[in-house]
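# Examining the three-dimensional arrangement
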Amino acid sequence: CALPISLLAVSRLEGPLKAQHLGFALGPRINAGGRIGDASLGCRLLTISDASEAERLSAQLDRLNLERREIEQRSVDEAFALAEQRFMKTNRLSCLIVESDDWHPGVVGLIASRLKDRFNIPSFAFAFKGNKLTGSGRSLSGVDIGKAVRNCVEAGLAEKGGGHAMAAGVTLNQEQLSAFSLYLNDHLADAVDRAREEDALIIDGALTGHGVNMSLLEQLS
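Note that the structure is a prediction, hence the values are computed from the model and not measured.

Here we come to the overall build of the protein chain. Helix and strand content of the protein chain: 9 helices and 5 strands. When the helices and strands of the protein chain are listed from N to C terminus, the series reads α-α-α-α-β-α-β-β-α-β-β-α-α-α. Taking the principal axes of its C-alpha atoms as reference, the protein chain extends roughly 55 × 55 × 30 Å. Here the protein chain holds 221 residues, and the buried ones make up 41% of them. Partitioning the intrachain contacts of the protein chain with sequence separation of at least 6 by distance along the chain shows that 55% fall at a separation of at least 24. Carbon and sulfur atoms make up 52% of the accessible area of the protein chain, which totals about 12800 Å². Averaging the locations of the 24 positively and 28 negatively charged side chains of the protein chain gives two centres separated by 2 Å.

Right, let's get into a nonpolar patch on the surface. Taken together, the side chains of L207, V212, M214, L217 and L220 define a hydrophobic patch exposed on the protein surface, amounting to about 530 Å² of accessible area. With respect to the secondary-structure elements, V212 resides in the loop between α8 (189-198) and α9 (214-220). V212 gets classed as partly exposed once you look at its relative accessible area, which sits at 49%.

Further remarks concern the pattern of salt bridges. One pass over the structure, following the stated rule, counts 9 salt bridges. Between E53 and R56 there is a salt bridge whose closest N-O contact spans 2.7 Å. One end of the pair is E53 and the other is R56, both in helix α4 (residues 51-89) and 3 residues apart, which spans about a single turn. Ionic pairing is found between R68 and E72, a salt bridge with its closest N-O pair at 2.5 Å. Placement of both R68 and E72 in helix α4 is noted, with a separation of 4 residues, approximately one turn of the helix. For the residue pair R68 and E72, the accessibility class agrees, reading buried in each case. Among the charged side chains, a salt-bridge network with shared partners connects R12, R29 and D62.

By definition, a disulfide is the covalent link that joins the sulfur atoms of two cysteine residues. Tallied over the entire structure, the rule returns 0 disulfides. Sulfur of C95: no disulfide; nearest cysteine sulfur belongs to C152 and is 9.3 Å away. For C95, a relative accessible area of 2% puts it in the buried group.

Now for helix α5 (residues 108-119). In a regular helix each residue adds 1.5 Å, so 12 residues correspond to 16 Å; α5 covers 16 Å between its end C-alpha atoms and thus fits that length. Three or more residues of α5 are buried, namely V108, G109, L110, I111, A112, L115, K116 and F119. The inward-facing, buried residues of α5 contact α2 (19-36), α4, β1 (96-100), β2 (123-129), β3 (132-138) and α8. Downstream of α5 by a residue or two, N120 has a phi angle that is positive, lying close to 55°.

Two aromatic rings are characterised by how far apart their centres lie and by the angle between their planes. In this structure the tally under the stated criterion is 5 aromatic pairs. Centre to centre, the rings of F87 and F119 are 5.2 Å apart; their planes meet at 40°, and the pair counts as tilted. In this pair, F87 sits in helix α4 while F119 sits in helix α5, placing the two residues 32 residues apart along the sequence. Relative accessible area serves as the criterion here: at 18%, F119 is assigned to the buried category. Ring geometry for F126 and F180: centres 5.8 Å apart, planes at 90°, overall edge-to-face. Of this pair, F126 sits in strand β2 while F180 sits in helix α7 (residues 177-187), and the two are 54 residues apart along the sequence. Here the two residues F126 and F180 agree in accessibility, since each one is buried. Of the aromatic side chains, those joined through ring pairs into one cluster are F80, F87 and F119. If you follow R118 out to its NZ or CZ, it ends over the ring of F80, 4.4 Å from the centre.

Cut-offs and rules
- Residues numbered from 1 in each chain as written.
- Predicted model: local features only at pLDDT ≥ 70, side-chain atom pairs only at ≥ 80, totals over all residues.
- Heavy atoms only, no water.
- Helix = DSSP H or I, 4+ residues; strand = E, 2+ residues; numbered from the N terminus.
- Buried < 20%, exposed > 50% of the residue type's maximum accessible area, 1.4 Å probe, protein only.
- Contact = heavy atoms within 4.5 Å.
- Areas by Shrake-Rupley, 256 points an atom, 1.4 Å probe, with all protein chains shown as cover.
- Lys, Arg positive; Asp, Glu negative; His and termini not counted.
- Charge placed at Lys NZ, Arg CZ, Asp CG, Glu CD.
- Patch = residues over 30% accessible without salt bridge, like charges linked within 9 Å, V, L, I, M, F, W, Y side chains within 5 Å.
- Salt bridge = Lys/Arg side-chain N within 4 Å of Asp/Glu carboxyl O.
- Disulfide = S-S within 2.5 Å.
- Expected span 1.5 Å × (residues − 1).
- Phe/Tyr/Trp six-rings, centres within 6.5 Å; stacked < 30°, edge-to-face > 60°.
- Lys NZ or Arg CZ within 6 Å of the ring centre and 35° of its normal.

Following this line, the structure appears as structure tokens:
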């Protein structure tokens, strides 16, 4: 089959496929076109039967994935710096919101996810396009940002948006950003406080040091 050969080749993978290969090597390359290029590239690669065309598409997606990683890292570094500035101004944030006219709309979800993980707070990242802002949010367990975004749309604080409890997308006019931010910080505060109080590390089972051996690792793999 042309697809595994060409995609495995550009991903520098050998041997039988594992779940980590799909999640961290093949998947991101198939998805790269949709983030910063042409979303049809991945679909075409998955359905094509011509080996030479599959090689060309795989190489193109590999280049786009590398570009996506560079864009993401640069944007995340900028977002972390902006977040630190926000926290220096107040310690009462219940929703972190950052924005830039230098960010690619295709990576705002990745930025929001990294912010949420880094600062343990529901986070939105926005990219400017003219006077519009395209944003994506990621939340903590127990804090429903999808509902909050839908409430903002109904209240005229956002042009459009939606999602589910843990992730949401939203489009704003530039003049709506301040009111949108105030609404989320006000209405998510109690839920964020509860989520942090209930935050816990869930242990599936105890394991002694002697129990960690090659036999167990092979079974888990």
